[in-house]
Amino acid sequence: ASKGTKPALGGMASAARSLGWGEGLAQWRRVALLGLPSLRSQQPGQTIPFYSTYLSRKLRKQQQHQAVVVEKDRDRDRDREPKRSIKGLRVGLIGAPNAGKSALTNVLLGRKVTAVSGKVNTTTSQTFGVVTSTRIAGHLQVNECSPEVTRLMIFDTPGVVDHKHYRNTRQRERVSDAYATAALCDALVFVVDAERQLRKPDPRVERLVVEYRREVEGFGSGDAGGQAAAMPKSVLAMNKVDLVRGSRRGDLLDLARRLNDLGSFDQIFMVSSLKGTGTEDLLAYLRSVSVPHRTEEAVGHGGGGGGTGWLSQCEDEESSHDHSSYAVELVKEQVYRRLNGEIPYVLKIKPVSTKFLRDGSLRIEQDLLVNHMKKKKIVVGRKGQAIGQIGCRARA
């Protein structure tokens, strides 16, 4: 058949007769109407050639035209949709060791991202999680599509102490990392164990309230090329207020005033990471002071001013953990809760393998490493009881 013309039916019929297909032209007309590229003959092993160049080209053009129309419709609908207004805020939780920063981080995020235990210095490096909320018709929802989106990137940092109470080089490095993380944030939440501070006042906490601003400003000026950096918004979170009962509850306001005189905080919140008291008010305030950016497209291209690349990172990552490192946090929490003394601090958790099984479950293998045979016996326990409990509780 010539280009752009239909194949001659006579040629089709003669080709059919030459191949032994008896019905001839009538069947070929049926084939042409159906637009089939080939038919199988009645004789086994023989295929009737069909002049499909014209039909296949026509069908291909039709498919391409339909694809172009669909794409134009999508572009038109996308242009008609309102651009999403994105607000974002990087929040750093900072405070003395064992003040409840990790527990408060998990509560604010609504999920576990960092290990929590009653021992000091459980957190040894910064960890972050992202919580996304939207406002639809005046109601706040989580992880929904709407014209107004707010993303909070919340950092949990190691406990900080003043320079006089560094125990070793590792603690100095952890404190420096905490202040460096805080300097990159847009808002800081200084967490204080209110119950412990009322029961046994610690002057070191009051010194930290004064010094942490100077330390953060020092790290911020270093990143700004020596120029004075603006201090992030600061919030005082009086944690563990659920443990303060009776007549001592009136002392909470006196403690808050005293710490505010030292730190000049923008807002003060009474919270309980265990009960969840006051955490919604804290989240609402953080959303209200979030920095607005222009549109979703501006965020994707790093626009909007002030460096918005971290907002694009929030879309791809919900936390700083992958499957392997998240499993390390789960096991680490149970190690600190189950074992005592120095063992939790010298024990190392080494990921070995991560594998998805056919049933959809995830198999993760880890090695727990210690530096002495006696410590190994304590970690394993009698008949494997200790290490068995650690594994079972981590999987729960």
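Use the structure listed above.
The following refers to the structure shown. Note that this is a predicted model, so its numbers are computed, not measured.

Quick notes on the overall build of the protein
The helix and strand inventory of the protein stands at 15 helices and twelve strands. Taking all 396 residues of the protein together, 40% fall into the buried category. Put simply, of all contacts in the protein between residues at least 6 apart along the chain, 63% involve residues at least 24 apart. Accessible surface, the protein as shown: approximately 22700 Å² in total, 51% of it carbon and sulfur.

A word on the packing of aromatic side chains
All told, the structure shown has six aromatic pairs when counted by the stated rule. Each ring, one from Phe190 and one from Tyr212, has its centre 5.0 Å from the other, and the planes form 45 degrees; the classification is tilted. Of the two residues, Phe190 sits in strand 7 (residues 187-193) while Tyr212 sits in helix 7 (residues 203-223), which places them 22 residues apart along the sequence. Ring centres of Tyr336 and Tyr345 lie 5.4 Å apart, and the angle between their planes is 85 degrees; this geometry places the pair in the edge-to-face category. When its relative accessible area of 5% is taken as the criterion, Tyr336 is described as buried.

Remarks on the packing of helix 4 (residues 101-109) against helix 9 (residues 279-288)
As a packed pair, helix 4 and helix 9 sit with axes 10 Å apart at the nearest point and diverge in direction by 70 degrees. Compared by their axis directions, helix 4 and helix 9 come out roughly perpendicular. Contacts between helix 4 and helix 9 pair Leu104, Val107 and Leu108 from the former with Thr279, Leu282 and Leu283 from the latter. Looking at the contact of helix 4 with helix 9 residue by residue, the classes come out as five nonpolar, one polar and no charged.

Notes on unusual backbone geometry
For Lys240, which is not a glycine, the phi torsion comes out positive at approximately 65 degrees. The topology assignment puts Lys240 in the loop between strand 8 (233-239) and helix 8 (251-263). One non-glycine residue, Lys383, lies in the positive phi region at around 55 degrees.

Observations regarding the pairing of strand 9 (residues 267-270)
Pairing geometry for strand 8 and strand 9, over four bridges, is parallel. When the sheet's bridge partners are listed, Ala237 is paired in strand 9 with Phe269.

Looking at helix 5 (residues 169-183)
In this model helix 5 runs 21 Å from its N-terminal to its C-terminal C-alpha over 15 residues, within 8% of the 21 Å that 1.5 Å per residue would give. Regarding helix 5, the residues found buried are Gln171, Arg174, Val175, Ala178, Tyr179, Thr181, Ala182 and Ala183. The residue sitting at the N-terminus of helix 5 and contributing the capping side-chain oxygen is Asn168; that oxygen lies 3.2 Å from the backbone nitrogen of Arg170.

Topic: the packing of helix 12 (residues 323-338) against helix 15 (residues 385-395)
Between helix 12 and helix 15, whose axes approach to 9 Å, the crossing angle comes to 135 degrees. Between helix 12 and helix 15, the interaxial angle falls into the category oblique. Crossing angle aside, the handedness with which helix 12 passes helix 15 is right-handed. Of the residues in helix 15, those touching helix 12 at Leu330, Val331, Gln334, Val335 and Arg338 are Ala386, Gln389, Ile390, Arg393 and Ala394.

Here we look at the nonpolar core
Among the nonpolar cores identified, the biggest contains 33 residues, and Tyr179, Phe190, Tyr212 and Met238 are the most heavily contacted of them. Put simply, the parts of the chain that give this core at least two residues each are strand 4 (127-136), strand 6 (148-156), helix 5, strand 7, helix 7, strand 8 and helix 8. When sequence neighbours within four positions are dropped, the list of residues in contact with Tyr179 reads Ile94, Val160, Leu208, Tyr212, Glu215, Val216 and Phe219.

Notes on the pattern of salt bridges
All chains considered together, the criterion is met by 13 salt bridges. Taking the shortest distance from any N to any O, the salt bridge between Glu333 and Lys112 comes out at 2.9 Å. Residue Glu333 is located in helix 12, and its partner Lys112 is located in the loop between helix 4 and strand 4; the two are separated by 221 residues in the primary sequence. Put simply, Arg363 and Glu365 hold a salt bridge, and the shortest N to O gap is 3.2 Å. A relative accessible area of 32% means that Glu365 is categorised as partly exposed.

The rules behind each value
- Residues numbered from 1 in each chain as written.
- Predicted model: local features only at pLDDT ≥ 70, side-chain atom pairs only at ≥ 80, totals over all residues.
- Heavy atoms only, no water.
- Helix = DSSP H or I, 4+ residues; strand = E, 2+ residues; numbered from the N terminus.
- Buried < 20%, exposed > 50% of the residue type's maximum accessible area, 1.4 Å probe, protein only.
- Contact = heavy atoms within 4.5 Å.
- Areas by Shrake-Rupley, 256 points an atom, 1.4 Å probe, with all protein chains shown as cover.
- Phe/Tyr/Trp six-rings, centres within 6.5 Å; stacked < 30°, edge-to-face > 60°.
- Axes fitted to C-alpha atoms, helices over the stretch in contact; angles between N-to-C directions.
- Parallel < 35°, antiparallel > 145°, perpendicular 65-115°, else oblique.
- Nonpolar A, V, L, I, M, F, W, Y, C, P; charged D, E, K, R; others polar.
- Pairing = 2+ DSSP bridges.
- Expected span 1.5 Å × (residues − 1).
- Polar contact = N/O pair within 3.5 Å; in protein donor to acceptor, adjacent residues only side chain to side chain.
- Left-handed = near helix turned anticlockwise from the far one by under 90°.
- Core = buried A, V, L, I, M, F, W, Y, C linked by side-chain atoms within 4.5 Å.
- Salt bridge = Lys/Arg side-chain N within 4 Å of Asp/Glu carboxyl O.

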